[in-house]
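Topology and contacts: notes
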Amino acid sequence: MRRIGYVIPLLIGVITFTFVLVSLAPGDIVTATIGDYPASEEYLAERRAELGLDQPLIVQYVNYVLSALQGDLGYSFANRQEVLPLVVNHLGATMILVVAATVLSITIGLPLGLWAATTRRRAVDNALNLSTLVAFSIPAFWLALMAVLVFAINLALLPAHGMTTIGFVGTPIQRFGDLLSHLILPAAVLAVPETALMIRMTRASANEVLNSGYVLTAVSKGLARGRIIRRHVVRNSLLPVATVMGYTFGTMVGGSVLVEKIFGWPGMGSLLYDSVQRRDTSVVLGVVVVVAVVTLVVNVVTDVVYGVIDPKVREATAL
Amino acid sequence: MSDIVIDPTTPKASRLQRLRLGRGPTTVAAIAIVVLFALVALLAPLIAPYDPFAVSPRILEGPSADHLLGTDDTGKDILSQLIYGARVSLLIGLAAGLGSLVLGIVVGGIAGYVGGAVDNVLMRIAEIFQIMPAMLIALVIVAVIGRNTTLIAAAVIIALWPQSARIVRSQFLALRRAEFVDAARISGTPAWRIIALEIFPVAFAPAAVQAALDIGRGMLLEAGLSFLGLGDPSTSSWGGVLRRAQPFLTDAWWFSVPAGVCIALMVLSFNLIGDAMGRRGTQGRRAL
């Protein structure tokens, strides 16, 4: 219950942000959210009356927030559909992509981060550090283009477009394989900066553990180095890394706008891109609100999970 | 009446903490690249061989003596577009770094120094802008309101400021209780002096590190926006070049490769500088 009190104000904040944007857009809220779509004067008048545009701004604002909180994110004229179900329909594909990228970044990033922290060879640490900076610096969309060029066009190893092969028939396992082959490139591209982040987080976290009193105790006790790292360092340094999951989810959705567009992945990013091109503002704003909701949910879940797996946090919140 | 005068000068935190950079070869290279790109951006009209918007019948030609990096699908010289693109990238990047630094110092400073309800409200606002991905924030602002350079810069700042606000806030929170600040307060130093002369110089270093990283993040956001077709149509930007290069991936590597390399090099340089600034003093002793 305590977390509801944390989530709702933030959500209202996000909705307020979208309200301010629409208010600043040329034209009024109705023309702004309708964009370039032909709508009859009667419809516009009806919407204006519905939204109470003759009323003071503050009343309009309250109405806007209340309807958004109830899931009314407006109507998409390009898709002739309510915005909320439209966006939610595209959520699944994005989630597949983001989860795959997360799995990749964890499996590669955690070991490398631990290696960077525990190695005695400064060259290894420096090389890993430089690689993470390079990974942060390459624009994801360019990397995606280059991946298409090399792996899909020149080497013809993997499909470059879509989520499944159109007209593909086969057993469920074959269909899964088909999906997987489409997933590899976009997920790998999306995972590049996340892996770098994972390496840096793990390295920092492990370094902190290495400086802690109990590691010093273990060293003084004469425990073998490998044993200390396996028994104490690894476990304790992984926990804080888990907390960034909620945050990285958001950045990955941001990155997926560009990556989905290039790979024709039918998720929220593609929907967002198409809606921007068609000036379908209500969908653009709807995506923002839905992404914020999902990020908040992921944050709350990681928070709860963190509390469950880390006794220190559990004790602290109980007090 | 005592004639003892308490000296109001308290132990100074320091002058502005010097941002010493590691002298590693990578840092030197990064600075050199930034200087090079900055010169190119400043001198663009002098060194660009062609007008970046001038179309010609020589479309999609490979690199030659006439066009060092070839031409695009409308016969425009790619090298000239990249030279002018350095201006857009640097402008938005620097605006992002400076803007979020200033905003971060103001908001984070107030939150950290005043504390209590003010801190709570300000940090909640920062959080609102952190649960939305930066790319998404910048994108909606430009998509809904309009596409021009000023607005793009503002959008990028709005997307990036919370991080530096958080950093400055945590510095102020910690320093507010530091001994040398207490000493200043006890000796009757006014609050503005404490903030400006005692806390700010110490808090500035980590904020500056973040600003260097924000320059790179700002450049990436700008490139992404231009790639999505949300750049300022009156400028020639690296992301815009890549947008137009997409259909010609297989036909013209000179269209898509150099522009991406420019973005990556530029961003990497600022990241390396930020990293070198941030590393100072973090390599302490440890048990293992």
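Keep in mind it's a predicted model, so treat the numbers as computed, not measured.

**Quick look at the overall build of chain A**
Helix and strand content of chain A: 14 helices and two strands. Dimensions of chain A, computed from C-alpha atoms along their principal axes, come out at roughly 85 × 60 × 40 Å. The buried share of chain A, taken over its 319 residues, is 41%. Nonlocal contacts in chain A, meaning residues at least 24 apart in sequence, comprise 71% of its contacts between residues at least 6 apart.

**Regarding the UniProt feature "transmembrane region" (unreviewed entry) in chain B**
Residue and element names in this part refer to chain B. Under the present numbering, the feature "transmembrane region" (unreviewed entry) in UniProt falls on residues 28-48, 90-113 and 252-273. Along residues 28-48 the backbone is 90% helical and 0% strand, and the end-to-end C-alpha distance reaches 26 Å. For the annotated span residues 90-113, helix accounts for 100% and strand for 0% of the residues, and the straight-line distance between the end C-alpha atoms is 33 Å.

**Quick notes on helix 7 (residues 140-154) of chain A**
Residue and element names in this part refer to chain A. Relative to the 21 Å expected for 15 residues at 1.5 Å per residue, helix 7 spans 20 Å between its end C-alpha atoms, a close match to the ideal helical length. Along helix 7, the sharpest change in direction is near 25° and occurs at Val-148. The set of residues buried in helix 7 consists of Ala-140, Phe-141, Trp-142, Leu-143, Ala-144, Leu-145, Ala-147 and Val-148. Ala-156 sits one or two positions beyond helix 7 and adopts a positive phi of about 50°.

**What about the interface of chain B and chain A?**
Facing 41 residues of chain B, the contacting portion of chain A comprises 48 residues. Within the residue set of the side of chain B that touches chain A, elements represented by two or more residues are helix 4 (116-131), helix 5 (134-145), helix 8 (191-227) and helix 10 (253-279) of chain B. Considering only residue class, the side of chain B that touches chain A consists of 28 nonpolar, nine polar and four charged.

**Points about unusual backbone geometry**
Positive phi is not limited to glycine here, since A:Ala156 has a value of about 50°. Counting through the fold element by element, A:Ala156 comes out in the loop between helix 7 and helix 8 (172-210). Here the phi dihedral of B:Leu60 falls at roughly 50°; this positive angle occurs in a residue that is not glycine. Relative to the helices and strands, B:Leu60 is located in the loop between helix 2 (44-47) and helix 3 (78-114). Note on B:Leu60: 15 C-beta atoms within 10 Å, which makes it partly exposed.

Thresholds, definitions, all that
Residues numbered from 1 in each chain as written. Chains lettered and ligands numbered in written order. Predicted model: local features only at pLDDT ≥ 70, side-chain atom pairs only at ≥ 80, totals over all residues. Helix = DSSP H or I, 4+ residues; strand = E, 2+ residues; numbered from the N terminus. Buried ≥ 20, exposed ≤ 12 C-beta atoms within 10 Å, placed from the backbone. Contact = placed C-beta atoms within 7 Å. UniProt positions renumbered as here; feature names shortened; annotations may be inferred. Expected span 1.5 Å × (residues − 1). Bend = angle between axes of the 7 residues up to and from the residue. Nonpolar A, V, L, I, M, F, W, Y, C, P; charged D, E, K, R; others polar.

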